[in-house]
Amino acid sequence: QVQLVESGGGLVQVGGSLRLSCASSGRTFSTYAMGWFRQAPGKEREFVAAISGSDYSSYYANVVKGRFTISRDNAKNTVYLQMNSLKPEDTAIYYCTASPALSAVAAGSGPYWGQGTQVTVSS
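The rules behind each value
Residues numbered from 1 in each chain as written. Predicted model: local features only at pLDDT ≥ 70, side-chain atom pairs only at ≥ 80, totals over all residues. Heavy atoms only, no water. Helix = DSSP H or I, 4+ residues; strand = E, 2+ residues; numbered from the N terminus. Buried < 20%, exposed > 50% of the residue type's maximum accessible area, 1.4 Å probe, protein only. Pairing = 2+ DSSP bridges. Disulfide = S-S within 2.5 Å. Contact = heavy atoms within 4.5 Å. Phe/Tyr/Trp six-rings, centres within 6.5 Å; stacked < 30°, edge-to-face > 60°. Lys NZ or Arg CZ within 6 Å of the ring centre and 35° of its normal. Salt bridge = Lys/Arg side-chain N within 4 Å of Asp/Glu carboxyl O.

Trainee: Provide a residue-level description of unusual backbone geometry, including the pertinent values.
Mentor: One non-glycine residue, Tyr-56, lies in positive phi territory at about 60 degrees. Mapped onto the elements of the fold, Tyr-56 is located in the loop between strand S5 (46-51) and strand S6 (58-60). In this structure Tyr-56 comes out as partly exposed when scored by relative accessible area, which is 37%.

Trainee: Go over the pairing of strand S1 (residues 4-7), please, and point to the residues and values.
Mentor: Every second residue of S1 is oriented toward a common face, the buried set being Leu-4 and Glu-6 and the non-buried set Val-5 and Ser-7. Across 4 bridges, S1 lies against strand S3 (residues 18-24) in antiparallel orientation. Following the sheet pairing, Ser-7 is matched in S3 by Ser-21.

Trainee: An account of the state of the cysteines is requested, with residue identities and associated values reported.
Mentor: All chains considered together, the criterion is met by 1 disulfide. Between the sulfur atoms of Cys-22 and its disulfide partner Cys-96 the distance amounts to 2.1 Å. Residues Cys-22 and Cys-96 are joined by a disulfide whose S-S torsion is about -80 degrees; by sign, that bridge is left-handed. Of this pair, Cys-22 sits in strand S3 while Cys-96 sits in strand S9 (residues 92-99), placing them 74 residues apart in sequence. Taken individually, Cys-22 and Cys-96 each receive the classification buried, so the pair is uniform in this respect.

Trainee: Summarise the side chain of Ser-52; cite the residues concerned and give the values.
Mentor: Position of Ser-52 relative to the elements: it lies in the loop between S5 and S6. Assessed through its relative accessible area of 6%, Ser-52 is described here as buried. Excluding residues within four positions of it along the chain, Ser-52 makes contact with Tyr-32, Ala-33, Ser-57, Arg-72 and Leu-102.

Trainee: Mind laying out the packing of aromatic side chains, listing which residues take part and the relevant values?
Mentor: The tally for this structure, following the rule as stated, stands at 3 aromatic pairs. Plain terms: the ring middles of Phe-37 and Phe-47 are 5.6 Å apart, the flat faces sit at 75 degrees to each other, and that makes the pair edge-to-face. Of this pair, Phe-37 sits in strand S4 (residues 33-39) while Phe-47 sits in strand S5, and the two are 10 residues apart along the sequence. With 5.4 Å between their ring centres and 65 degrees between their planes, Phe-37 and Trp-113 make a pair best called edge-to-face. Within this pair, whereas Phe-37 is found in strand S4, its partner Trp-113 is found in strand S10 (residues 112-113), the two being separated by 76 residues in sequence. Note on Trp-113: relative accessible area 25%, which makes it partly exposed. One residue, Arg-45, lies across the ring of Phe-37, its end atom 5.6 Å from the ring centre. The residue whose ring lies beneath Arg-72 is Phe-29, and the NZ or CZ to ring-centre distance is 4.5 Å.

Trainee: Describe the pattern of salt bridges, with residues and values.
Mentor: All chains considered together, the criterion is met by 3 salt bridges. The partner of Glu-46 in a salt bridge is Arg-38, and the shortest N-O contact between them spans 2.5 Å. Judged by relative accessible area, which is 34%, Glu-46 ranks as partly exposed. When the shortest N-O distance is used, the salt bridge between Asp-90 and Arg-67 registers 2.7 Å.

Printed below as a string of structure tokens:
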């Protein structure tokens, strides 16, 4: 069983930065692909970024490419999402997800999800 706990959300002004963290309780963290999704009020959950467990390959939604960076520290069982140049449309609850399969993470069909952390970007 894998438990995921997100942190690092908050209120930031337009153009600011935040770094989200997702800590995993699993002992096999390095074998899992990890990802971030977000859901804004009244909208469907959408893919943000994913990173493989093997070669650290990373993938991004077009709307965040060049502004967000996903990374992981397998020694700390933690995945990060560095968010720069934040925009009001980035306001959402951000969720961490994990799966042995990168394809499942990217599709949002992974078995493990965190409880989410709120990010609010004010203009």
